Structures are given as structure tokens and as C-alpha cells.
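What follows is each chain in one-letter form.
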Amino acid sequence: MNILIIDDDPNARKTLGKILKAKGFEVEEAGTGSEAVASCGAKFFNLALIDVRLPDTSGLGVLKAVRALNEDTIAIMMTGYASLDSSIEAMNKGAYSYITKPVNMDAVLAVIEKGLEKQRLSLENKRLLKELTAANEKLKELDKRKSAFVANVSHEFKNPLAVIKESLSIIIDGLAGDIDTKQKDILSAAKSNIERLIRLVTDLLDISKIEAGKMEMRRENFDIGLLTNEILSTYEREFSKKKMLSSKNIPSDIGMIWADRDKISEVLINLINNAIKYTPEGGEVGIKLTAKENELYFEISDTGPGIPEEYKDKIFDKFERITAEKIEGTGLGLPIAKDIVELHKGRIWVESEAGKGSRFIFVLPRNFREKNTLR
């Protein structure tokens, strides 16, 4: 540990230095402020003992210069009782502590020990922060590469899957020749799995675009009530198949919204799909739209199993699934919905209780205008 004693009294420097050397410290001396600044510029000192009164400058001036050269140097002011106010002022400007003259060596050593311990902890924290920052940057780079890989692979999968799906549709519809019922059932099952893969690939592409800040937003002014009714009409067969009730409360004058029509459709489809998926046969799914000032409130409710309190914050995390494994899903629908809502400067949350169904609510500004690509 290097200590610099800055005092214009050579006897005081010699006495103090002798004791500190005996305690195992490396000690250097400076009789003026300029000598002290030159020494601190040439090497790092763990600690500087600075007399408040110096022949060429004030102790405060030396303190400022020493701290400017290396903020990790612990500065302790030495003062007579008459200049105690200057030492207190010095502490407000970065000095660690002060000692009064004539010095009490036990007190001096105690202050030095505490100051060096503070320095040790500070340097250790800086080291750990530097390592953490480096590790974080590495993780960001790895995550960036991962997202690019997922996007590339997903893109390469999408077109072949679409071709396979179309080919299966042609065969199932009998356009390529007659097939029997068993063959049709097998091919229909294959088509269903292909469609599931396409949904997964589409979700992965959406996630990758959002993470890369490249999700394009093509906003337009459209009737949100009309869009919601159109989407609901496509689920009539699903509701009938599961013998479910559907209720809607969409005011005819709900009005227009400035947003990305396709992206808002995706949010509604994700939430309605989830509601149908997790609601048992004979249950009920509801959708409600409400206008409040310059915001639109969307509420999609179900009579499913509900969500335990401890999982409410997790369901919007990527690949997080908390329901029965028998129910198909990628764990990407809700995270994508959340990202899209937030890209529109909206908010989304869930209100639920285990065994009593769920209500997913999201709010969008009616007319939030920004650049086409949000980052």
C-alpha cells in the first residue's frame, strides 16, 4: 500500500512516515502542492494525507487535483483545530476523512485502515462491474446471433412447409386423384401438423423481428369494431364444435383506431385462441370493447381453469407454459401479443383466479402516430 504524505513541515512528515513504514506501508513525501500533484501524476497512491495549509496552494486545491488524477485514491485531510471548517468542506468535495494536529497515531492508523478498506471494496466492486459488463456484452452478442440463426432457419422452413401444406390440400380435395377415407384421414392429420409447424415458424419469425427491433408497423385508420366482429365470425365453427357459448359487447359506434391492422388482428387471434383452447366444453368465451377518452380497452374472458397468482407474471415470458401438457402450444403467443401491444405504446395484463377463469385486458391509444418501424 502506497501512502503519500503532503505537509510543509519536514519533521512532521519524517515522524509520520517512520511510523507508517514500521506498519508495512510504502511512504513518499511532498512538501508542496505542486510536488504532490507531480507525484500523483507519476504513480498511483492508495492513500494521500493532505495538510490543509500548504505554502504554494490550499489543501483543497491539492485534493481536487489528486482526485482528478485518480478518483480511487483515498484522501485524508490533516488540520489544526483553527482550520477545522476547511477539512469539513474538503470532505464535502471528496475527502474520506480528516485528522487533527498534533496527530494521535492510534486515531490516524484507525482512519487509514477504514479508508483503505473502503478503497478495497470500491475497487472490488469496479472489477466485478467490469466483468459483469463484459459478460453482459458477450451475452448480448450471443443472443443477437441466436436470434439471427432462428430467423434464418425459420425463414428457410416457411416456404417448404407452405408447399407441403398446399400439396396435401390438393390430394385431400381429390384434385390429384381419388383417395379412400383412411388415406384422407392420414393426410388430414399430416396437414394439421404441418399447419402447427407453420404457426410455430411464424411465431419464431415474429419473435426474432421484435428482438432485433425490425418489426415493421404499417399503420392505417380502420374500424376496430368491424375488425373484431370479422375475427369472431371465423370462430363460429370452433364455438359450435366445443359446444361453447360466445358473448360479445362491441358498441356499434366504438369508432376508428390508428394502428397496424394485421398486428392488432394477431393479438386478438392469439387471445381468442387461448380462451377457446383452455375453456372446457360447454364453457363461455367473451369479448368486450370499451372506449375511454383517447384509449380503447379490449377484454377477452373465459371460463377456463384460471391462472394461479404466482404464474401471472410468467405467462408473458417467452416459451413459458403453465397449463396441462396435453394442450398444444409454443409459449410464444402471449409474449408476441405483449410485444405488439407495447410497440403500439399500449399495455396488457391478466386478471385471473385459479378455477375461476381469466380475463386478458389490453389497452391501446386510439391515435398514436410514430415512424413505420419501431425500435
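Residues numbered from 1 in each chain as written. Predicted model: local features only at pLDDT ≥ 70, side-chain atom pairs only at ≥ 80, totals over all residues. Heavy atoms only, no water.

With that out of the way, let us pick up empty space enclosed by the protein. To find the voids left in a structure, one rolls a probe of water-molecule size over its atoms. On inspection of all chains with the given rule, the structure shows 1 cavity of 30 Å³ or more. Computed from the structure, the largest cavity encloses a volume of approximately 30 Å³. Elements with a contribution of two residues or more to the lining of the largest cavity: β8 (256-260) and β12 (358-365). Looking at the lining of the largest cavity, the element that brings in the most residues is β8, giving 3 residues. Taken together, the residues of the lining of the largest cavity sort by class into 6 nonpolar, 1 polar and 1 charged. (1 Å grid on protein atoms, 1.4 Å probe; cavity = no way out; pocket = protein on both sides within 12 Å on 5 of 7 lines; lining within 4 Å. Points joined across faces, edges and corners; volume = space filled by probe spheres on them. Helix = DSSP H or I, 4+ residues; strand = E, 2+ residues; numbered from the N terminus. Nonpolar A, V, L, I, M, F, W, Y, C, P; charged D, E, K, R; others polar.)

It is worth spelling out the sheet that holds strand β7 (residues 245-249) at this point. The strand order across the open sheet built from 5 strands is β7-β9-β10-β12-β11, with neighbouring strands paired in mixed fashion. Every interior strand has two partners, whereas the edge strands, β7 and β11 (347-352), have only one. Neighbour to neighbour, the strand axes of the sheet diverge by 15° on average, direction disregarded. As paired strands, strand β9 (residues 284-292) and strand β10 (residues 295-302) are joined by 8 bridges and run antiparallel to one another. Counterpart to V285 in the pairing with β10 is D302. Packing of helix α7 (residues 224-233) onto the sheet brings it into contact with β7, β9 and β10, and relative to β9 it is tilted by some 175°. (Pairing = 2+ DSSP bridges. Axes fitted to C-alpha atoms, helices over the stretch in contact; angles between N-to-C directions. Contact = heavy atoms within 4.5 Å.)

Now for the sheet that holds strand β3 (residues 47-51). Spatially, β2-β1-β3-β4-β5 is the arrangement adopted by the 5 strands of the open sheet, whose pairing is parallel. With partners counted over all chains shown, the strands left at the sheet margins are β2 (26-30) and β5 (97-100), one partner each. Ignoring which end each strand starts from, the neighbouring axes of this sheet average 20° apart. Bridge analysis of strand β1 (residues 2-6) against β2 gives 5 bridges, and the strand direction is parallel. Bridge pairing links I6 to A30 in β2.

Per-residue confidence for the protein chain averages 85 on the pLDDT scale, and 91% of its residues sit at or above 70. Across residues 371-375, confidence stays below pLDDT 50; counting only partners more than four residues off in sequence or on other chains, it has 14 contacts. (pLDDT = per-residue confidence, 0-100.)

Let's shift gears to α7. If you check which residues of α7 are buried, you get I224, G225, L227, T228, I231 and L232. For α7, the angular spread of buried residues about the axis comes to 160°, placing them on one side. Structurally, the start of α7 carries an N-cap: the backbone nitrogen of G225 is 2.9 Å from a side-chain oxygen of D223. (Buried < 20%, exposed > 50% of the residue type's maximum accessible area, 1.4 Å probe, protein only. Arc of directions from axis to C-beta. Polar contact = N/O pair within 3.5 Å; in protein donor to acceptor, adjacent residues only side chain to side chain.)

Turning our attention to the environment of T57. Among the structural elements, T57 can be located in the loop between β3 and α3 (59-69). For T57, the residues in contact, after removing those within four places along its chain, are G33 and V62.

Moving on, we come to the packing of helix α2 (residues 33-42) against α3. Where α2 meets α3, the closest approach of the two axes is 9 Å, and the angle between their N-to-C directions is 10°. Between α2 and α3, the angle falls in the class roughly parallel. Contact residues: α2 offers G33, A36, V37, C40 and G41, while α3 offers V62, A65, V66 and L69. Partitioning the contact of α2 with α3 into residue classes produces 7 nonpolar, 2 polar and no charged. (Parallel < 35°, antiparallel > 145°, perpendicular 65-115°, else oblique.)

A few words now on the pairing of β11. Only one face of β11 is covered, namely the face carrying I348, V350 and S352; the face carrying R347, W349 and E351 is uncovered. Pairing of β11 with β12, which is carried by 6 bridges, proceeds in the antiparallel orientation. Note on β12: the bridge partner recorded for R347 is V363. Here β11 folds back onto β12, and the loop between the two strands holds 5 residues, one of which, G355, carries a positive phi near 85°.

Another aspect to go through is the packing of aromatic side chains. One pass over the full model with this rule turns up 2 aromatic pairs. Where F298 meets F362, the ring centres are 4.3 Å apart and the plane angle is 5°; that geometry is what we call stacked. A residue pair is termed long-range when its members are at least 10 positions apart, and F298 in strand β10 and F362 in strand β12 qualify at 64 residues. Under the relative-accessibility criterion, F362 is labelled buried at 0%. Consider the rings of F316 and F360, whose centres lie 6.3 Å apart with planes at 80°: the pair is edge-to-face. Taken as a pair, F316 in the loop between β10 and α10 (333-343) and F360 in strand β12 lie far apart in primary sequence, 44 residues in all. In terms of burial, F316 and F360 fall into one category: buried. (Phe/Tyr/Trp six-rings, centres within 6.5 Å; stacked < 30°, edge-to-face > 60°.)

This next bit is on the environment of N249. Considering the arrangement of structural elements, one finds N249 in strand β7. The class of N249 is partly exposed, set by a relative accessible area of 42%. The sequence separation of N249 and G225 amounts to 24 residues, and the corresponding C-alpha distance is 9.8 Å.

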